[in-house]
Amino acid sequence: MAAVIASWAGALILAGIVYDIARLITPDEPRRPPLARLRGRRAALEEAERWLVGLRLHDRVDAATCQRRMRGLARGQRRTTTGRTNAV
């Protein structure tokens, strides 16, 4: 019984590691930055701006995309109209 529990725990840990690695190497970001919806609309826009700056600093988005998305944030739009694309 202990071997079954140990193998299940190992499988869950391995699945978590694979999931984390997959999230790190994919170019898409989550729909909203973490905890943004709990602090209100203005805080959500500020968090989205910080998130976008982080993407730009790590070369995950190009300058034109960053500028377009910052313009949308200035207008109060957290999501892009084209969907979830961050490819350079």
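Residues numbered from 1 in each chain as written. Predicted model: local features only at pLDDT ≥ 70, side-chain atom pairs only at ≥ 80, totals over all residues. Heavy atoms only, no water.

A. Representation of the overall build of the protein within the structure. When helices and strands are counted, the protein shows three helices and zero strands. Listed by position from the N terminus, the elements making up the protein come as α-α-α. Of all 88 residues assigned to the protein, the portion counted as buried reaches 20%. Long-range pairs, those at least 24 residues apart, make up 53% of the contacts in the protein between residues at least 6 apart in sequence. When the accessible surface of the protein is split by element, carbon and sulfur atoms take 61% of a total near 6,900 Å². (Helix = DSSP H or I, 4+ residues; strand = E, 2+ residues; numbered from the N terminus. Buried < 20%, exposed > 50% of the residue type's maximum accessible area, 1.4 Å probe, protein only. Contact = heavy atoms within 4.5 Å. Areas by Shrake-Rupley, 256 points an atom, 1.4 Å probe, with all protein chains shown as cover.)

B. Seen up close, the confidence of the model for the protein. Per-residue confidence for the protein gives a mean pLDDT of 79, with 73% of residues at or over 70. For the protein, helix 2 (residues 41-57) is the element with the lowest average pLDDT, namely 85, and helix 1 (residues 2-25) is the one with the highest, namely 91. (pLDDT = per-residue confidence, 0-100.)

C. Local environment of the environment of V53. Looking at where V53 falls in the secondary structure, it is placed in helix 2. For the pair formed by V53 and M70, sequence separation is 17 residues and the distance between their alpha carbons is 9.1 Å.

D. Structural detail: the packing of helix 2 against helix 3 (residues 63-74). The interhelical angle for the contact between helix 2 and helix 3, taken along N-to-C directions, is 175 degrees, at an axis separation of 11 Å. Between helix 2 and helix 3, the angle falls in the class roughly antiparallel. Contact residues: L45, A48, E49, L52, V53, L55 and R56 in helix 2; A63, C66, R69, M70 and L73 in helix 3. The class makeup of the residues in the contact of helix 2 with helix 3 is nine nonpolar, no polar and three charged. (Axes fitted to C-alpha atoms, helices over the stretch in contact; angles between N-to-C directions. Parallel < 35°, antiparallel > 145°, perpendicular 65-115°, else oblique. Nonpolar A, V, L, I, M, F, W, Y, C, P; charged D, E, K, R; others polar.)

E. Geometry of the nonpolar core. If you look at the biggest cluster of nonpolar residues, it comprises seven residues: L45, A48, L52, L55, V61, C66 and L73. Listed by contribution, the elements that provide at least two residues to this core are helix 2 and helix 3. Those residues in contact with L52, other than ones at most four positions away along the chain, are V61, C66, R69, M70 and L73. (Core = buried A, V, L, I, M, F, W, Y, C linked by side-chain atoms within 4.5 Å.)

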